[in-house]
2 protein chains.
Amino acid sequence: MDLGKRLRSRGYRVTPQREVIYRVLQENEGKPLSLDDIHSLACEKRPGLGLTTVYRTLDLFRELEVALPVHLHGDSQYYEINEGKHHHHMVCLSCGDVELLEACLIEEIEDIVRDGSDFMITGHCMSLFGYCPDCLERGRGKGSR
Amino acid sequence: MDLGKRLRSRGYRVTPQREVIYRVLQENEGKPLSLDDIHSLACEKRPGLGLTTVYRTLDLFRELEVALPVHLHGDSQYYEINEGKHHHHMVCLSCGDVELLEACLIEEIEDIVRDGSDFMITGHCMSLFGYCPDCLERGRGKGSR
DNA sequence: CTCCTTATTGACAATTATTATCATCTATTA
DNA sequence: TAATAGATGATAATAATTGTCAATAAGGAG
């Protein structure tokens, strides 16, 4: 479903700012972006777009599940578009590079949860940390961090 | 291994502040604490302990892997002691309650990763989101957020 | 046990991140 | 096309985090 419908069906308006931010997320599928990343990229397409708007729009997108927050090591919040294949991330502790991992064992985990509690699972996130092939080759496998 | 050894073996000093913060983490095993939580609890045991010290100490504990950062929904950083059983978290989207989940399929996931890439996994984190039994009973299962 | 060296602390300032406010603008609907 | 209510951007206000530095105190030497 396209953005316009998703917005209007919940009573929100379609604005150029929202479309630009959406496009930025789309064009970077699989690459988690910080709020500043999103702001910079959006400003390239629409100079003057305010940082406040980026904050507000991502809150909205998160509510509409248009975007998903991504938790990487480090403090800042990253976002990714919620389209295409469900996936997780492998973060290199040395260079910070993020690789995608399409495998997901959530079904198995949900089975386990169901056996042990009455918690109802609706979503999840997982990140793997380690070292990417490049850094391993360059001997930056351990330590650094 | 106790805190003193872990600190001294890396050339760090054992201070009352660090011990207090460590004790706070220990006494709340399984309950992720924000930096403010830690600061408040530590101040009960040692009035005057500075917030700056809490920041610094948790950076240190993270480096020494005495504490682990926990990623929950929302922005702020949470920490937990790195002792006892490895586990994950189930976060209630309605009341914010956090339940522990001792099940972990990291071995299976590592197998999958090994087949598909040369990334070397050294750690991981996973959080499940949903609704706790209490909130489900009270009909706050869906929507709210 | 006491002294010395230097890591650590806490107060404070500086910076950065996030949120609130409000006048203006504009997407939507009639 | 006009009306209206949501959205934006500038700015201010607040909160979170980091840097600075003098004072303190941990750990080792004697």
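Summarised in this report is the structure supplied together with it. (Residues numbered from 1 in each chain as written. Chains lettered and ligands numbered in written order. Predicted model: local features only at pLDDT ≥ 70, side-chain atom pairs only at ≥ 80, totals over all residues. Heavy atoms only, no water.)

1. Focus on the overall build of chain A
And then number 1: Per the secondary structure count, chain A includes six helices and six strands.
And then number 2: Helices (α) and strands (β) of chain A occur, in sequence order from the N terminus, as α-α-β-α-α-β-β-β-β-α-β-α.
And then number 3: Considering only C-alpha atoms, chain A reaches an extent of 45 × 45 × 25 Å along its principal axes.
And then number 4: The proportion of buried residues among the 145 residues of chain A is 45%.
And then number 5: Counting only contacts in chain A whose residues sit at least 6 apart along the sequence, the fraction spanning at least 24 positions is 50%.
And then number 6: Accessible surface, chain A as shown: approximately 7800 Å² in total, 44% of it carbon and sulfur. (Helix = DSSP H or I, 4+ residues; strand = E, 2+ residues; numbered from the N terminus. Buried < 20%, exposed > 50% of the residue type's maximum accessible area, 1.4 Å probe, protein only. Contact = heavy atoms within 4.5 Å. Areas by Shrake-Rupley, 256 points an atom, 1.4 Å probe, with all protein chains shown as cover.)

2. Things to note about helix α3 (residues 35–45) of chain A
Residue and element names in this part refer to chain A.
And then number 1: Every buried residue of α3 is listed here: Leu35, Ile38, His39 and Ala42. Angular distribution of buried residues about the axis of α3 spans 100 degrees; they occupy a single face of the element.
And then number 2: Where α3 is buried, its residues meet α2 (16–27), β1 (33–34), α4 (51–63) and β3 (78–81). (Arc of directions from axis to C-beta.)

3. Quick notes on the pattern of salt bridges
All names here are of chain A.
And then number 1: Applying the stated rule across the entire model yields 12 salt bridges over all chains.
And then number 2: Between Lys45 and Glu27 there is a salt bridge whose closest N-O contact spans 3.0 Å. Placement of the pair is Lys45 in helix α3 and Glu27 in helix α2, with a sequence separation of 18 residues.
And then number 3: What makes Lys45 partly exposed here is its relative accessible area of 34%.
And then number 4: Linking Arg114 and Asp111 is a salt bridge whose minimum nitrogen-to-oxygen distance equals 2.9 Å. Here Arg114 pairs with Asp111, and both are found in helix α5 (residues 106–116), just three residues apart, close to one helical turn.
And then number 5: Among the residues examined, Arg114 registers a relative accessible area of 54% and is labelled exposed. (Salt bridge = Lys/Arg side-chain N within 4 Å of Asp/Glu carboxyl O.)

4. Observations regarding the protein's contact with DNA strand D
And then number 1: Close to DNA strand D lie 20 residues; A:Thr15, A:Gln17, A:Thr53, A:Arg56 and B:Tyr55 are nearest.
And then number 2: Taken together, the sugar and phosphate atoms account for 67% of what DNA strand D places within 4 Å of the protein.
And then number 3: At 2.6 Å from a base nitrogen of DNA strand D is found a side-chain nitrogen or oxygen belonging to A:Arg56.
And then number 4: Only α2 and α4 of chain A together with α4 (51–63) of chain B provide two or more residues apiece to the surface near DNA strand D.
And then number 5: Its residues placed into classes, the surface near DNA strand D shows six nonpolar, seven polar and seven charged. (Near = heavy atom within 4 Å. Polar contact = N/O pair within 3.5 Å; in protein donor to acceptor, adjacent residues only side chain to side chain. Nonpolar A, V, L, I, M, F, W, Y, C, P; charged D, E, K, R; others polar.)

5. So, the protein's contact with DNA strand C
And then number 1: What surrounds DNA strand C is a group of 19 residues, the closest being A:Tyr55, B:Gln17, B:Arg18, B:Thr53 and B:Arg56.
And then number 2: In DNA strand C, atoms within 4 Å of the protein come from the sugar-phosphate backbone in 69% of cases.
And then number 3: Between DNA strand C and B:Arg18 there is a distance of 2.8 Å, counted from a phosphate oxygen to a side-chain nitrogen or oxygen.
And then number 4: Only α4 of chain A together with α2 (16–27) and α4 of chain B provide two or more residues apiece to the surface near DNA strand C.
And then number 5: Of the residues belonging to the surface near DNA strand C, the class tally is five nonpolar, seven polar and seven charged.

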